[in-house]
Every structure is written in structure tokens, then in C-alpha cells.
Amino acid sequence: MCSSKSKQQRGNVEISPQTISHINGRPVFQPYSNRDPLLERHNSLKKSSSKTSPTPTTNTSPSKIKISATTSPISPKIKRVGDSNILNISTEKIVTPKSNAKSTKYVKNSSSFKILEVPGSIAAARREQVAMMQVQRKMKTAHYGRTNSAKYENRVTPLDSSNTSSPREGKRCSFITPNSDPVYIAYHDEEWGVPVHDDNLLFELLVLTVAQVGSDWTSVLKKRQDFRNAFSGFDPEIVAKYNEKKINSTSTDYGIELSQVRGVVDNSKRILEIKKQFGSFDKYLWGFVNNKTIATQYKACNKIPVKTSKSETMSKDMVKRGFRYVGPSVIHSFMQAAGLTNDHLITCPRHLQCAALPTQPPIIQ
């Protein structure tokens, strides 16, 4: 017979998970098999936070959620700790506002992707930085005479008090800014775009155009007199007779690169050959444009090309004849300086003034 004590013990028997899983001969979920470890961790974090800090704290950055490969399936939607937003946990890219690129975290559970960007994150700051860079790039104009410190401004110095009857007439080409050097401003107002027919002056402009490659027109114009002294007033007949000793001394005395001096001497010899064939260097050059200045109608400096089909044609022919440093871009700049093309903006007073100048060389009686 069983005692009352045994009956009492039988009513309080504790059943282990192993016995529960085989009750009535069929498998039953174990007590902890249907619990989500992530939810348990959330609950533990809530309990620990309530014990340590009685006052609730706000999170300024999104929580990082790490899910291992062995985690049991979870519901597609779950509340994030410390936040009331409902997030899609299938796959998320959580960006934390840190300064390094390692702050981007990926949470993967399925094939879909969702990007979560926080205000003030790296992505938002980068977009703002790119927008500012684009604005600064538009403000800069890569053209002749602009200094590194110069900023684009529409305000310019009036060209001439007699030509300011309307606001449009007093504005030079936009690459002339308040920061431009007076030497370069004078060159723009008096020489750039003026048709040139003197052989020595054409030779000089060709040398100066080659010299400004890798530099700027302002620096070259300030050394213009040194170039004239170094190359005997740009007389090709004298420069063509420079020997090796003269070339070395010219490079040392005037601070001109030795290769550049040799290039000038070689080009002077080619000019003498052209004079024998065409009669003058002037006839050879102006023959490419049918003895007429190319009239352009540019409204902005960024519309002016670096080279044209005419400059490419002239460059190929000069290279074939043995000229040095006469690429299409250099020749196009030379054509602008010598007046073979009138690239003044239509808003600049010099555009009409240069267009009114005669393009034919004066007839000597």
C-alpha cells in the first residue's frame, strides 16, 4: 500500500525535458526549442538596463544587430532595442555615424537588401561634400591668365570709360578677373585676337605660346623681354645660327630650359625653309584659314574648345615639316594670340573691335 507521504511526492514530481519529449510516444517541442535567442537577449538587456539606470536613456545611434548562421528563424519584423521603429530584419545595412568606413554593418538573413541611413551619417555627409565640390568645379574656369587664388566673379573692371554706355559693353572675357595681373589684362585688351602678319612677331608668339605650357600667360608675359633678348629679337635668321655653346649660355643666362632653347633654334630653321617655299611665314600660316580670321560666337569661356579641326590640320603639317612643340592645343592657343581666330566672348567689347580689324597684310609700295 502507498502511504500518504508517497502520494504527496507523486503529485509533486518534476518532469524533465527528456521525459516530456517522449510523452504518449510522440515528439513534443522541448521547453526552450521554440524560444528566440534574439528576443531573450532583448529581454535580458531590458532587465539589466532597468536595474542599472532607473531613468530611461535615449540612443543617438542605431543599435547593431548581429545574427549568427545557427540562429533559429525569426519573424520578418521585430522591434529594435531602444527604438520604437519597426525594421525589416531580413537584410539591413546599418550605418553608424563614425568617421571610418568600417562603421557600415550588414545584417543578412535572406536575399533582399535594405539600406538604413541615419541623419548625420557618413553617406549624408558625403553627399553634401560632393554637392559642394560640384559647385566649386563650376566656379573654376581653366583658361589662360587665371591665378590659383582667383575666384570666379561676374564683377570686372570696365574696359574703357568710353565703352560703358551699356552694362554689357564694359565686361571683358570672363577669364579676366579682379585678381588678374595688369600685364595680362593689357595683353587681352591690346594684343590677344589682333591679326598679326609680321614674321618675327609670329615667331615670338609661337615661342611664348610654347613657353606657357605648364605655366600661365601672366608669368610668360612678365619674362617677355628676357625671351626677346635671349633669342635676338626673334629674328629666325640669327637664331638659326645658334651653336651648342650659344644654346647652353642662353639657357643658363636667362633661366630657360635647355630643351626649350633647342626647340626654338630648330623651329627657327624650319621657318627659314618655309620662307623659301612660301615667301614668308605669314603666308604659310594664314593660308590655313584662307587669309580670313575665324569668327566665333562663344558666350562663355567653358565653351571655348582646347583645340579645333583647323589647329589639328596646322599641327600635323608643322610636325611633318620638323617643328617641335606644336601640338593641336598649342597651335590653337597660338592661333588665338595671332588673331587667326577671334575667340573673344561676344559679351566682350574686344570681340567686335578685333572683328573690325583688317585681316589682310598691308600692301607695301
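Since the model is a prediction, treat every value here as computed from it, not as a measurement. (Residues numbered from 1 in each chain as written. Predicted model: local features only at pLDDT ≥ 70, side-chain atom pairs only at ≥ 80, totals over all residues. Heavy atoms only, no water.)

Please explain the UniProt feature "binding site: Zn(2+)" (unreviewed entry) in the protein as it appears in this structure.
The UniProt record marks Cys173, His188, His344 and Cys348 with the feature "binding site: Zn(2+)" (unreviewed entry), using the residue numbering of this structure. Annotated residues spanning 176 residues; largest pairwise C-alpha distance 10.6 Å, indicating a single compact cluster. Mapped onto the elements of the fold, Cys173 is located in the loop between helix 4 (122–139) and helix 5 (182–190). If near-sequence neighbours (up to four positions away) are discounted, Cys173 is found in contact with His188, His344, Leu345 and Cys348. (UniProt positions renumbered as here; feature names shortened; annotations may be inferred. Helix = DSSP H or I, 4+ residues; strand = E, 2+ residues; numbered from the N terminus. Contact = heavy atoms within 4.5 Å.)

Just checking my understanding: could you explain the packing of aromatic side chains for this structure?
Two aromatic rings are characterised by how far apart their centres lie and by the angle between their planes. Applying the stated criterion across every chain yields a total of 11 aromatic pairs. Ring centres of Phe281 and Phe323 lie 6.4 Å apart, and the angle between their planes is 15°; on these two criteria the pair is classed as stacked. With Phe281 in helix 12 (residues 281–286) and Phe323 in the loop between helix 13 (309–320) and helix 14 (328–338), this residue pair connects regions lying 42 residues apart in the sequence. Relative accessible area serves as the criterion here: at 0%, Phe281 is assigned to the buried category. (Phe/Tyr/Trp six-rings, centres within 6.5 Å; stacked < 30°, edge-to-face > 60°. Buried < 20%, exposed > 50% of the residue type's maximum accessible area, 1.4 Å probe, protein only.)

What is the right way to look at the pattern of salt bridges in this model?
Here the idea is simple: oppositely charged side chains can pair when their charged atoms come close. Applying the stated criterion across every chain, the model contains 11 salt bridges. Notably, a salt bridge pairs Arg224 with Glu204, separated by 2.8 Å at the nearest N-O pair. Separated by 20 residues along the polypeptide, Arg224 in helix 8 (residues 224–230) and Glu204 in helix 6 (residues 199–211) bring together distant segments of the chain. Judged on exposure class, the residue Arg224 and its partner Glu204 are both buried. Across the salt bridge formed by Arg262 and Glu244, the nearest N and O atoms sit 2.3 Å from each other. Placement of the pair is Arg262 in helix 11 (residues 258–278) and Glu244 in helix 10 (residues 244–254), with a sequence separation of 18 residues. A cluster of three or more residues bridged by salt bridges with shared partners is formed by Glu191, Glu204, Arg224 and Arg228. (Salt bridge = Lys/Arg side-chain N within 4 Å of Asp/Glu carboxyl O.)

Would you mind showing me how to read the confidence of the model for the protein here?
Detailed reading of the predicted coordinates is not advisable wherever pLDDT is low. Model confidence for the protein is summarised by a mean pLDDT of 73, while 57% of its residues fall at 70 or above. Confidence over residues 56–115 falls short of pLDDT 50; this stretch has 92 contacts with residues more than four positions distant or in other chains. Segment residues 141–169: pLDDT under 50, and 51 contacts once partners within four positions in sequence are set aside and those in other chains are kept. (pLDDT = per-residue confidence, 0-100.)

So what exactly am I meant to see when it comes to unusual backbone geometry here?
Keep in mind that most residues, glycine aside, have a negative phi and that most peptide bonds are trans. Even without being glycine, Ser232 reaches a positive phi, approximately 55°. Along the chain, Ser232 turns up in the loop between helix 8 and helix 9 (236–239). Overall, the relative accessible area of 31% leaves Ser232 in the partly exposed class. Backbone geometry places Tyr325, a non-glycine residue, at a positive phi of 60°. Its location among the elements puts Tyr325 in the loop between helix 13 and helix 14. The exposure class assigned to Tyr325 is partly exposed, which follows from its relative accessible area of 36%.

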